[in-house]
Number of protein chains: 2
Amino acid sequence: MMENQQDWVAVDWGTTHFRIWRMHGDKALEGREASCGLLSLKREEFEPTLKEHLHGWPTESPVLMSGMVGSRQGWQEAPYLFLPVSLKDVAIGAVDVQTKDLQRKVHVLPGVACQEESRPDVMRGEETQMLGLGAGSAEWSGMICLPGTHCKWVKVALGQVQQFDTYLTGELFSILRQHSILRHDLEAGDVDAEHPAFAKGVSTGFVESTPLLTSLFRVRASSLLLDRDPVANLAFLSGRLLGEELRSATQNIEKTEKIQLVGGSSLTKLYARALSLVGREVDLHSGDDLVRHGLTAAWQFLYPQTE
Amino acid sequence: MMENQQDWVAVDWGTTHFRIWRMHGDKALEGREASCGLLSLKREEFEPTLKEHLHGWPTESPVLMSGMVGSRQGWQEAPYLFLPVSLKDVAIGAVDVQTKDLQRKVHVLPGVACQEESRPDVMRGEETQMLGLGAGSAEWSGMICLPGTHCKWVKVALGQVQQFDTYLTGELFSILRQHSILRHDLEAGDVDAEHPAFAKGVSTGFVESTPLLTSLFRVRASSLLLDRDPVANLAFLSGRLLGEELRSATQNIEKTEKIQLVGGSSLTKLYARALSLVGREVDLHSGDDLVRHGLTAAWQFLYPQTE
């Protein structure tokens, strides 16, 4: 097929963020962003919000959206596609959104889910980043790591998502830091991935030389008994949780295979460092670019230009 | 030595609770309790609080206290004794508390700590319960499990604490329940230890068929995809965390050895059930009684009645 060179609008609409681009074919002509994520909107506010951000742009070009906007709590549900699922099916599975005032087509991409009773899991948004990585093509195979509050590890074979696992690592770190007894012993700032305590945490978690639930209390005990400082404690805790994740997430990946690490969250640097500490090589990708590239790839599948 | 049959006062003074008994030798004649724990008191309020609760009791009999009252944040610090430590040394290591108005002796028992760089750990209060179990005698050996916000597993050999580990299990359950994304999917009431999902959680954690950080997110996914109800989710999460703890805590205990389970916290029923699910037998002890028995044992060491 030929590539579609029409005008259209790409939207990445998540839980807390909103980004929108005016597109011409695969080129972004203009971009806007705002903090009007899902959590700050009632259902009837989605359409006016989109309309507001389309202001001054061509009035008829269609819109393709991705992210939590398509969840049950979003504007209109685009039901999950179930594994195994080709990334091309994600693109083609876009759902038409019912609009009231907007005089244009609005589509939203579905999420992907594993409905197996033994390993239920969901993603919504990450599938678009994978499309942007080229993972929609029937030649693409690899392992993708998408850090975030809920980090995803996704196995793609020949353009098909075969399996994925979500790790609550980021959220757990955050609630331990804010709400547990450890909060008194942890530095308030960013994690220093170069601190020796980070490396120690990663290796403790990676070989599980101490069980996680015990490691956590030892952060407290280290303060009380060994005067370990809050910067070291924070680095250790972060490394300990990442090491725990990597022990499991990397166990079925060949040592020689590069991991496709999707960057952009503040966690990326920590994942890159932790992966290097356990002897893994990565290809690093910009998460921001991937979303737009993914929406573009989906667009080409949805609106193929026929001669 | 002969047993001391004098009048004295036993006090268990923790982070949130306060219990006091008027004792004659090893007999409790009267008991009182209040919620004036460490967290609700300034340093200068400890003595007036104790005085208030001694009201109407013999004015000269000495007081022996145990618990967080002896921590750095308490009334007066009784520094930790370091491993390996005999439980008799805990009794003898009682520190004299400086008083202003009280015209009697006041002692507080020290906590126990492991200062090894590779496994720092602390306890304060649990050592008294172990004394109450008889673990102070040179003939006593065994493995003791003390459930709580921070569960302790303690190995005692011939009256000596040789090693112990603290697990953050209870606190982690509580903060996940209150502060994580899982809170929407969890029943607000008590955990049902007889629910099949509890057993499933225990076995998943015990054999680690799914890594913990993934299991946590699957609680959420189960709600979304499999309509798993909040009662089952809560039971699974509780079982999953306990299974994780037991996998590590029981690995070096002979299958034939009974575990000494100290009861009293609301968690005891869950630990008893989980231990039975993984094929372990327990002797169950009342935690409340053990504190008083432990203070009594310490008292006999401190004030031996000589003929």
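Residues numbered from 1 in each chain as written. Chains lettered and ligands numbered in written order. Predicted model: local features only at pLDDT ≥ 70, side-chain atom pairs only at ≥ 80, totals over all residues. Heavy atoms only, no water.

Draft legend 1. The overall build of chain A, seen in detail. A count of helices and strands for chain A gives nine helices and 15 strands. For 307 residues, the compact-globule estimate of 2.2 N^0.38 gives 19 Å, and chain A sits close to it at 21 Å. For chain A, the spread of C-alpha atoms along the principal axes amounts to about 70 × 40 × 35 Å. Looking at chain A residue by residue over its 307 residues, the buried ones come to 57%. In the structure as shown, chain A presents an accessible area of about 13000 Å², 48% of it carried by carbon and sulfur atoms. Of the side chains in chain A, 30 bear a positive and 40 a negative charge, and the two mean positions are spaced by 4 Å. (Helix = DSSP H or I, 4+ residues; strand = E, 2+ residues; numbered from the N terminus. Rg over C-alpha atoms; globule rule 2.2 N^0.38 Å. Buried < 20%, exposed > 50% of the residue type's maximum accessible area, 1.4 Å probe, protein only. Areas by Shrake-Rupley, 256 points an atom, 1.4 Å probe, with all protein chains shown as cover. Lys, Arg positive; Asp, Glu negative; His and termini not counted. Charge placed at Lys NZ, Arg CZ, Asp CG, Glu CD.)

Draft legend 2. Here's a closer look at the domain arrangement of chain A. Structurally, chain A comprises domain 1 (7-135 + 293-302) and domain 2 (169-286). For domain 1 of chain A and domain 2 of chain A, the distance between their C-alpha centroids amounts to 32 Å. (Domains from an automatic or database assignment.)

Draft legend 3. Representation of the side chain of S222(A) within the structure. Its place among the elements puts S222(A) in helix α6 (residues 212-226). Here R218(A) takes part through its backbone oxygen, which lies 2.7 Å from a polar atom of the side chain of S222(A). (Polar contact = N/O pair within 3.5 Å; in protein donor to acceptor, adjacent residues only side chain to side chain.)

Draft legend 4. Just the pattern of salt bridges, in detail. All names here are of chain A. Evaluated as defined, the whole model comprises 34 salt bridges over all chains. D185 serves as the salt-bridge partner of R220, at 2.9 Å between the closest nitrogen and oxygen. One end of the pair, R220, is in helix α6; the other, D185, is in the loop between α4 (169-179) and α5 (196-207), and 35 residues separate them in sequence. For the residue pair R220 and D185, the accessibility class agrees, reading buried in each case. (Salt bridge = Lys/Arg side-chain N within 4 Å of Asp/Glu carboxyl O.)

Draft legend 5. Here's a closer look at the environment of L131(A). Residue and element names in this part refer to chain A. Looking at the secondary structure, you find L131 in helix α3 (residues 126-135). Accessibility expressed as a relative area gives 4% for L131, which makes it buried. For the pair formed by L131 and R292, sequence separation is 161 residues and the distance between their alpha carbons is 9.6 Å. Excluding anything up to four places from it in sequence, L131 contacts L87, V90, A91, G136, G294, A297, A298 and F301. (Contact = heavy atoms within 4.5 Å.)

Draft legend 6. Spotlight on the relation of the copies chain A and chain B. Overlaying chain A with chain B gives an RMSD of 0.0 Å, the required rotation being 180 degrees about an axis along which the chain moves by 0.0 Å. Those values place the two copies in the arrangement expected of a two-fold rotation axis. In terms of proximity to the rotation axis, the leading residue of chain A is I175(A), whose C-alpha is 3.6 Å off the axis. In this assembly, 100% of the residues forming the interface of chain A have copies in chain B that are likewise at the interface, indicating an isologous arrangement. (Least-squares fit on C-alpha atoms with pLDDT ≥ 70 in both.)

Draft legend 7. Focus on unusual backbone geometry. Residues and elements named next belong to chain A. Of the consecutive residues L83 and P84, the connecting peptide bond is found in the cis state with omega at -10 degrees. Examined against the element boundaries, P84 turns out to sit in the loop between β5 (81-82) and β6 (85-86). One non-glycine residue, L158, lies in positive phi territory at about 50 degrees. By the element assignment, L158 lies in the loop between β12 (151-157) and β13 (160-167). Judged by its relative accessible area of 60%, L158 is exposed. Phi is positive for E208, close to 50 degrees, though the residue is something other than glycine. Along the polypeptide, E208 turns up in the loop between α5 and α6.

Draft legend 8. Structural view of the sheet that holds strand β10 (residues 121-123) of chain A. All names here are of chain A. A sheet is described by the order of its strands in space; here three strands give the open sequence β5-β9-β10, paired in mixed fashion. The outermost strands of the open sheet, each flanked by one partner alone, are β5 and β10. Bridging between strand β9 (residues 112-114) and β10 involves three bridges; their strand directions are antiparallel. Directly across from V112, in β10, lies its bridge partner M123. (Pairing = 2+ DSSP bridges.)

Draft legend 9. The interface of chain A and chain B, seen in detail. Counting residues at the interface gives 45 residues for chain A, matched by 45 residues for chain B. With both chains or domains summed, chain A and chain B bury close to 4000 Å², and 67% of this area falls on carbon and sulfur atoms. On the chain A side of the interface with chain B, the three residues burying the most area are L213(A), F217(A) and L225(A), jointly 19% of the side's total. Between chain A and chain B we count six salt bridges in total. Our count for the contact surface shared by chain A and chain B stands at 13 residue pairs in polar contact (both at pLDDT 80 or more). Mapped by element, the contributors of at least two residues to the side of chain A that touches chain B are β9, β10, β13, α4, α6 and α7 (230-249) of chain A. Top contributing element to the side of chain A that touches chain B by residue count: α6(A), with eleven residues. Among the residues making up the side of chain A that touches chain B, the classes are represented as 22 nonpolar, ten polar and 13 charged. (Buried area = accessible area lost by both parts, 1.4 Å probe. Nonpolar A, V, L, I, M, F, W, Y, C, P; charged D, E, K, R; others polar.)

Draft legend 10. Spotlight on the state of the cysteines. As enumerated under the stated definition, the model contains zero disulfides over all chains in all. Counting only cysteine sulfurs, C151(A) is the nearest neighbor of C114(A), a cysteine outside any disulfide, at a range of 17 Å. (Disulfide = S-S within 2.5 Å.)

Draft legend 11. A look at the pairing of strand β4 (residues 63-66) of chain B. All names here are of chain B. On β4, burial covers both faces: V63 and M65 on one face and L64 and S66 on the other are all buried. Here β4 pairs with strand β8 (residues 106-108) via three bridges, running parallel. What sits directly across from L64, in β8, is H107.

Draft legend 12. Spotlight on helix α8 (residues 268-277) of chain A. All names here are of chain A. Taken as a whole, α8 has its buried residues at T268, L270, Y271, A274 and L275. Viewed end-on, α8 has its buried residues packed into an arc of 160 degrees, placing them on one side of the element. Phi turns positive one or two residues past the end of α8, at G279, with a value near 80 degrees. (Arc of directions from axis to C-beta.)

Draft legend 13. A look at the packing of α4(A) against α7(A). Residue and element names in this part refer to chain A. Direction vectors running N to C along α4 and α7 enclose 150 degrees, while the axes themselves pass 10 Å from each other. Of the possible angle classes, the one that applies to α4 and α7 is roughly antiparallel. Remark: the crossing between α4 and α7 carries right-handed chirality. Of α7, the residues touching α4 (which contributes T169, L172, F173, L176 and R177) are L234, L237, S238, L241, L242 and E245. Its residues assigned to classes, the contact of α4 with α7 shows seven nonpolar, two polar and two charged. (Axes fitted to C-alpha atoms, helices over the stretch in contact; angles between N-to-C directions. Parallel < 35°, antiparallel > 145°, perpendicular 65-115°, else oblique. Left-handed = near helix turned anticlockwise from the far one by under 90°.)

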